[in-house]
Amino acid sequence: MDIIFATNNENKTREIRNILGSNINLLSLNDLNIHEDIPETEPTLEGNALQKARYIYEKVSRCVFADDTGLEIDMLDGLPGVNSARFAGENKDSEANIDKVLLMMADSERRSARFRTVIALVEGGKEYLFEGIVEGRITGERRGTGGFGYDPVFIPRGETRTFAEMPLDEKNRISHRAMAFEKLKTFLDNQSCCPEEDAV
Ligand code: IMP
């Protein structure tokens, strides 16, 4: 089964290829020679994931999915949310993003937050959404050197370590992304979406 992941991030593609397994032939946009920026202008994770998947579907008319992830902090009314990558500015600086979060939450007792991943799958005339959530809390300062993004300040529920203090394979097993992609895998394994003969 061929399926297109609407991303040019090869690290992400490798991680997701492992989750989806060998029955699914995962193609990235690089594999299709599509190198342009995909629009991501919607106000929600769901909207952005659908926008990206639809955009690529319009171009290639093949089964495609896209994902979008955000950190939702309760004390900040869900921020940074859909703006997680660019919270402190257009240059997507993770260190500056963390500084901004820690400053906005300074002295706050209310530290609950979650990572949420939404995947949108577009095939034929149909669209499907899959969601993965990891509840947790925001630390008062950075801890750990692994992972990326907000990992040094996020402790998943039931843990004492931040994501950045866990070995990467451990984090990748329990992450919001893994949960959402496991749901996508179960869906794809149980139906004949995107048969090879549909491929151009
Ligand atoms: P994306 O939708 O996967 O590109 O994620 C958007 C932004 O959310 C990233 O640029 C990171 O700032 C943040 N983010 C997504 N996933 C994670 C994660 O697993 N750990 C920490 N930060 C993440």
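Above this text sits the structure in question.
Structural notes, computed from the coordinates. (Residues numbered from 1 in each chain as written. Predicted model: local features only at pLDDT ≥ 70, side-chain atom pairs only at ≥ 80, totals over all residues. Heavy atoms only, no water.)

**Digging into the site of the ligand**
Put simply, the rule reads: Proximity is defined per residue: if any heavy atom of the residue lies within 4 Å of a molecule or strand, that residue is considered near it. Within 3.5 Å is the distance limit for a polar contact, defined as a pair of N or O atoms, with the added protein rule that one can donate a hydrogen and the other accept it, and that residues adjacent in sequence qualify only through two side-chain atoms. All accessibility values rest on the Shrake-Rupley procedure with a 1.4 Å probe; residue burial counts only the protein chains present in the view. Strands here are runs of E lasting at least two residues and helices are runs of H or I lasting at least four, both read from the DSSP assignment and numbered beginning at the N terminus. Any residue that is not Ala, Val, Leu, Ile, Met, Phe, Trp, Tyr, Cys, Pro, Asp, Glu, Lys or Arg is counted as polar, Gly included; the first ten are nonpolar and the last four charged.
Inspection of the region around the ligand gives 13 residues, with K12, T69, D151, K171 and R177 positioned closest. Between the ligand and T69, the relevant distance is 2.9 Å, taken from an oxygen atom to a main-chain nitrogen or oxygen of the residue. In isolation the ligand has 480 Å² of accessible area, and contact with the protein removes 85% of it. For the shell around the ligand, the secondary structure elements donating two or more residues are β3 (64-73) and α5 (176-189). Here the shell around the ligand is composed, by residue class, of four nonpolar, four polar and five charged.

**What to know about the side chain of H176**
As a reminder, the rule being used: In this analysis, two residues are considered to be in contact whenever any of their non-hydrogen atoms come within 4.5 Å of each other.
The topology assignment puts H176 in helix α5. Ignoring anything within four residues of it in the chain, the contact list for H176 reads T69, F115, R116, T117, G132, I133, V134 and F163.

**So, α5**
Here is the rule: Every helix has an expected span of 1.5 Å times one less than the residues it contains. Burial classes follow relative accessibility: with a 1.4 Å probe on protein chains only, a residue under 20% of its type's maximum area counts as buried, one over 50% as exposed, and anything between as partly exposed.
With 14 residues, α5 extends 20 Å between its outermost C-alpha atoms, agreeing within 8% with the 20 Å of an ideal straight helix rising 1.5 Å per residue. If you check which residues of α5 are buried, you get H176, R177, A178, A180, F181, L184 and L188. If you follow the buried residues of α5, they end up packed against β1 (2-5), α1 (10-20), β3, β4 (112-123), β5 (126-138) and α4 (168-174).

**Remarks on the packing of aromatic side chains**
Quick note on the threshold: Only the six-membered ring of Trp is used, alongside the rings of Phe and Tyr, when aromatic pairs are assigned; centres must lie within 6.5 Å, and planes under 30 degrees apart are stacked while those over 60 apart are edge-to-face, with the rest tilted. Note on criteria: charge over ring means Lys NZ or Arg CZ within 6 Å of the ring centre, with the direction from the centre no more than 35 degrees off the ring normal.
Scanning the entire structure with this criterion turns up eight aromatic pairs. For the pair F5 and F181, a centre-to-centre distance of 5.9 Å together with 65° between the ring planes defines the contact as edge-to-face. Remark: F181 occurs in helix α5 and F5 occurs in strand β1; sequence separation between them is 176 residues. Looking at F181, the relative accessible area reads 0%, which means it is buried. Among the aromatic residues, ring-to-ring pairing joins F5, F65 and F181 into one connected group. The ring centre of F87 lies 4.3 Å from the NZ or CZ of K100, which sits over that ring. For K171, the ring lying beneath its charged end belongs to F163, and the centroid distance is 5.3 Å.

**Some remarks on the pattern of salt bridges**
Just so we agree on the cut-off: Think of a salt bridge as a Lys or Arg side-chain nitrogen and an Asp or Glu carboxyl oxygen that are within 4 Å of each other.
One pass over the structure, following the stated rule, counts 21 salt bridges. For the salt bridge of K52 with E40, the shortest nitrogen-to-oxygen distance reads 3.4 Å. Taken together, the residues K52 in helix α2 (residues 45-60) and E40 in the loop between β2 (25-28) and α2 connect sequence positions 12 residues apart. According to the relative accessible area criterion, K52 is buried, its value standing at 8%. Classification of E40 by relative accessible area gives partly exposed; the value is 36%. Note that E165 is salt-bridged to R143, the shortest N-O span being 3.1 Å. A residue pair is termed long-range when its members are at least 10 positions apart, and E165 in the loop between β6 (154-156) and α4 and R143 in the loop between β5 and β6 qualify at 22 residues. The exposure class assigned to E165 is partly exposed, which follows from its relative accessible area of 33%.

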